[in-house]
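Chain by chain, the residues:
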Amino acid sequence: MDDKENWIGIANRFANQGDFRGMRASAKEVLQLVPDDADAYAVMAEASFYMNEREKAQGYLAHAEKCEPGNLRARLVYAGFFAVDFALEEEIKELLGIVQATEETAESLWTESLRYVRFKALSWLADAWLLAAEPELSMNTLFAASEMLTGDEAASCYSKALFCSNYRTRTPGESLRLHRGYERFFAGRKLYHAYRERLDDAGKAQPSASISVGEAMAAAAAKAERERRGAALVAQQAKKECEPLSRIAQKALPQPKDETAMRLWAWEERANQRRMAEEEEYAAFKAELARTQRVKERREARAAAPLFSGKAASLAVQPTAPPTGKNRARTFSRKLRIGYISPDFRLHAAAYFIMPLVRDFDADSFEVTCYALGKRDRVTTLFRQKNVQWKDISRLSVKDAAQRIAKDGVDILVDLAGHTQTSGLPVLTYRPAPVQMTAIGYTATTGLRAVDYFLSDVYCSPWDMGARGFSENVLRMPRSHLCYAPVLRDMPKPGGDAPFVKNGYITFGSFNNFAKVSDDMLALWRGVLERMKKARLVIKSKICSIPAGQRIVHERLRRFGIPLEQVELRPYSPDYLEQYRDIDVALDTAPYTGGVTTCEALYMGVPVITKAGGTHGSRFSTSILENAGLSQLVARGEMEYVRKAVELAGSPDILRRLHRELRARMEASPLMDAKGYMRDLENIYREIAEDV
């Protein structure tokens, strides 16, 4: 039996590497040891499934069913066929059954095959939940899957769960706690940047003889308080880690007999979490105010300092090559070296905002290097043609990639993906650059202490919000924290006149991923349609491309009392931009608002109604509209969202004017002022470089 498990383990490794012939060969070895083994036939069926050999796969499945009816690995392959046939409901039902069956077996008794099947089922189920517009279930499923892995693989799975967490409303404190959990996967990781290590050591060795007795007592009290709170957090985290993260797992467990005691405990737990969150947010807000004051004082000091003259001036302008390797000094060169790390230097939504970073920077003051992690396509060629250094690190290990960046002597390393697929965050945990920040590609904190700054703006993160929800220091751009550059494809012309002129009725539209449509948002859309009985709502999303997805959408709409006769579902299609010509007013989602979707709607001449939230991510569209000079389309509450949508739809002259003028207005706004945007951003780069 041990030999069988060894061969099954080898087959699983072949599966993860994409070597499906190797899977078959391993399964044949198992059949030599155990004739008519159901697991072996299921492995061969799975390999055939991956190779698109459906008939062969079905034949192997029949053998597996004959040897062991209900074999879990065979059921996994059936679930795979449901997925490729777009039978979403059947796929979810089958995967749920597999997960529950594995939970009924004690973890100590899990075989290699059973562990593999459980992880695959959880991974596929998470994807299915997200397609079915259930991001909360997807998040919990991914958390459960991450517990089955270790190292960078576990971190990647946990990171996907964090991405899903942004689809629904969370307090800044709750979001920060979830994201801080990501750092535990990198505990004990050695930092590569020698200068940063020397700084840390120097900070520990600095004597504090110059402070007063009172200050020393206050510092000691503060340290004791931090240790007390730290111990409380550790205890709370330990308690949480003993609890099942997956909602599916919770459903499979029996309910407690003492329901009253359980409800009381749950209430007390939530109250404690809220109190701790408020304390953390207050401390972060104070730290943000202190940092802002320090920045202000540095600026005032630089403004008051006399200019260099004579020999000193000639020395001040001499460029110095940034030293590399172990003995890198604190001094920066006249040309700051900026490194951008991302998997999205390709045809991707984030690429529309990345292009100005590599196209419009000040080449006299900055050197830019792009560290590519993702696939290549025709858009990658556009990026490589710019005046930047290009380095593909997609095939390097995380450690080797960090060493490459450290060797290049990058001054400021900017992550452009956050917790999105194939991101560079694990590389940043080695701290290959003295200053590290994250920007543009993700809507929330990274949760990593190795990341110093988060790029935002005065609309996404107003000053009165402080740094709530962030482990990083928040940098605020004076206008927009992103710049829209629609140069990756041929943009069609806007429709001209508003569609209601020829239709005789208003058409609202949402082209966002339907997973972003929360129950609260459906309630608001119902309020809009109730006030405009003749209006129509177009929902265009991938979920509408399959019959099962359409049934899911219709069921949710019925549950919220939205008349189906007023709604049109449209599948995803390459000509989605042209279809904005059918929309009078776009309705944004919340709390996960549109980004490039909002920009595309405005660029196609369609005004967007959004609701401003209380976090950076829930104010993305707010920033876009404010910078486009359309602050009147930003609602500050639920009923204002409904009222603004109805008022705009009932103002034909304003609506027709917006459809004619929006593109020109957008092109003249800070949203598309690439030179002005880079000037503001490069001023921030200079400022944070001086902090080191």
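Refer to the structure printed above.
Note that the coordinates shown come from a computational prediction; the quantities given were computed from them, not determined experimentally.

This part is about the environment of Leu 149. Note that Leu 149 resides in the loop between α8 (135–146) and α9 (151–165). A C-alpha to C-alpha distance of 8.8 Å links Leu 149 and Phe 119, two positions 30 residues apart in sequence. Apart from the residues within four sequence positions on either side, Leu 149 is in contact with Phe 119, Ala 154 and Cys 157.

Moving on, we come to the nonpolar core. Judged by nonpolar contacts, the single largest core of 191 residues is most densely connected at Tyr 340, Tyr 484, Phe 508, Trp 525, Ile 539 and Tyr 685. Sequence-distant contacts of Ile 539, defined by excluding residues within four places in its chain, comprise Ser 510, Phe 514, Trp 525, Cys 544, Val 553, Leu 557, Val 567, Glu 568, Leu 569 and Arg 570.

To continue, consider the sheet that holds strand β4 (residues 412–415). Each strand in a sheet pairs with another by means of backbone hydrogen bonds, the pair being arranged parallel or else antiparallel. Spatial strand order, β3-β2-β1-β4-β5-β6-β7: seven strands in an open sheet with parallel pairing. Whereas interior strands pair on both sides, the edge strands pair on one side only; in this sheet they are β3 (389–392) and β7 (473–477). Taken over all neighbouring pairs, the strand axes of this sheet differ in orientation by 25° on average, direction set aside. As judged from the five bridges shared by strand β6 (residues 453–457) and β7, these two strands associate in the parallel manner. Looking at β7, one finds that Tyr 453 is bridged to Asn 473. Running at roughly 145° to β7, helix α27 (residues 674–690) makes contact with β1 (336–342), β2 (366–372), β4, β5 (435–438), β6 and β7 of the sheet.

Strand order in the open sheet made by the six strands is β10-β9-β8-β11-β12-β13, with parallel pairing throughout. A single partner strand is all that each edge strand has here, and the edge strands are β10 (567–570) and β13 (634–635). Strand direction decides the pairing type here: strand β8 (residues 507–510) and strand β9 (residues 536–540), joined by four bridges, are parallel. Pairing of Thr 507 across the sheet is with Arg 536, part of β9. Against the sheet, helix α22 (residues 547–559) touches β9 and β10, its axis set at about 155° to β10.

Let us now look at the side chain of Ser 423. Relative to the elements of secondary structure, Ser 423 occurs in the loop between β4 and α19 (425–428). Look at Ser 423 and you get buried, because its relative accessible area is 15%. Within polar-contact distance, the side chain of Ser 423 engages the backbone oxygen of Gly 418 at 2.9 Å. Polar side-chain contacts of Ser 423 include one of 3.4 Å to the backbone nitrogen of Leu 425. Not counting residues within four places of it along the chain, the set of residues in contact with Ser 423 comprises Pro 343, Leu 373, Ala 417 and Gly 418.

This part covers the packing of aromatic side chains. Tallying each qualifying case throughout the model produces 19 aromatic pairs. Taking 6.2 Å as the distance between ring centres and 55° as the angle between the ring planes, the aromatic pair formed by Phe 353 and Tyr 484 counts as tilted. In this pair, Phe 353 sits in helix α16 (residues 351–359) while Tyr 484 sits in the loop between β7 and α20 (500–503), placing the two residues 131 residues apart along the sequence. Judged by its relative accessible area of 5%, Phe 353 falls in the buried class. Among the aromatic residues, those joined into a ring-pair cluster are Phe 20, Phe 49, Tyr 50, Phe 81 and Trp 124. Stacked on the ring of Tyr 592, the Lys or Arg Lys 516 has its end atom at 4.3 Å from the ring centre. Here Arg 663 stacks its cationic end above the ring of Tyr 603, 3.9 Å away from the centre of that ring.

Moving on to the packing of helix α3 (residues 38–50) against helix α7 (residues 112–131). In the contact formed by α3 and α7, the axes pass within 12 Å of each other and the chain directions differ by 35°. Crossing geometry of α3 relative to α7 is assigned as left-handed. Residues Asp 39, Glu 46, Phe 49 and Tyr 50 of α3 form the contact with α7, whose own contacting residues are Ser 113, Tyr 116, Lys 120 and Trp 124. Of the residues in the contact of α3 with α7, the class split is four nonpolar, one polar and three charged.

Over its 16 residues, helix α6 (residues 88–103) extends 23 Å from the first C-alpha to the last, a length consistent with the 22 Å expected when each residue adds 1.5 Å. Along α6, the residues classified as buried are Leu 88, Glu 91, Ile 92, Glu 94, Leu 95, Ile 98, Val 99 and Thr 102. End-on view of α6: buried residues confined to an arc of 165°, all on one side of the axis.

Attention now moves to the pattern of salt bridges. When the charged atoms of two side chains with opposite charge come close together, those side chains can pair. As enumerated under the stated definition, the model contains 32 salt bridges in all. The salt bridge involving Asp 39 is made with Lys 4; its shortest N-O contact spans 3.1 Å. Taken together, the residues Asp 39 in helix α3 and Lys 4 in helix α1 (residues 2–17) connect sequence positions 35 residues apart. Its relative accessible area of 14% is what places Asp 39 among the buried residues. Connected through shared salt-bridge partners, Glu 640, Arg 643, Lys 644 and Glu 647 make up one network.

Below, the discussion takes up the environment of Ile 609. By the element assignment, Ile 609 lies in strand β12 (residues 608–611). The exposure class of Ile 609 is buried, given its relative accessible area of 0%. Spatially, the C-alpha atoms of Ile 609 and Ser 621 are 8.9 Å apart, while their sequence positions differ by 12 residues. Beyond its immediate chain neighbours, meaning those up to four positions away, Ile 609 contacts Val 585, Ala 586, Leu 587, Asp 588, Leu 633, Tyr 641, Lys 644, Ala 645 and Leu 648.

A word on the pairing of β5. Taking every second residue as pointing to the same face, both faces of β5 are buried, with Val 435 and Met 437 on one and Gln 436 and Thr 438 on the other. Here β4 runs beside β5; their pairing, made up of four bridges, is parallel. Bridge pairing links Leu 413 to Gln 436 in β5. Where β5 meets β6, two bridges bridge the pair, whose relative direction is parallel. The partner of Thr 438 across the bridge, within β6, is Phe 454.

Quick notes on the rules
Residues numbered from 1 in each chain as written. Predicted model: local features only at pLDDT ≥ 70, side-chain atom pairs only at ≥ 80, totals over all residues. Heavy atoms only, no water. Helix = DSSP H or I, 4+ residues; strand = E, 2+ residues; numbered from the N terminus. Contact = heavy atoms within 4.5 Å. Core = buried A, V, L, I, M, F, W, Y, C linked by side-chain atoms within 4.5 Å. Buried < 20%, exposed > 50% of the residue type's maximum accessible area, 1.4 Å probe, protein only. Pairing = 2+ DSSP bridges. Axes fitted to C-alpha atoms, helices over the stretch in contact; angles between N-to-C directions. Polar contact = N/O pair within 3.5 Å; in protein donor to acceptor, adjacent residues only side chain to side chain. Phe/Tyr/Trp six-rings, centres within 6.5 Å; stacked < 30°, edge-to-face > 60°. Lys NZ or Arg CZ within 6 Å of the ring centre and 35° of its normal. Left-handed = near helix turned anticlockwise from the far one by under 90°. Nonpolar A, V, L, I, M, F, W, Y, C, P; charged D, E, K, R; others polar. Expected span 1.5 Å × (residues − 1). Arc of directions from axis to C-beta. Salt bridge = Lys/Arg side-chain N within 4 Å of Asp/Glu carboxyl O.

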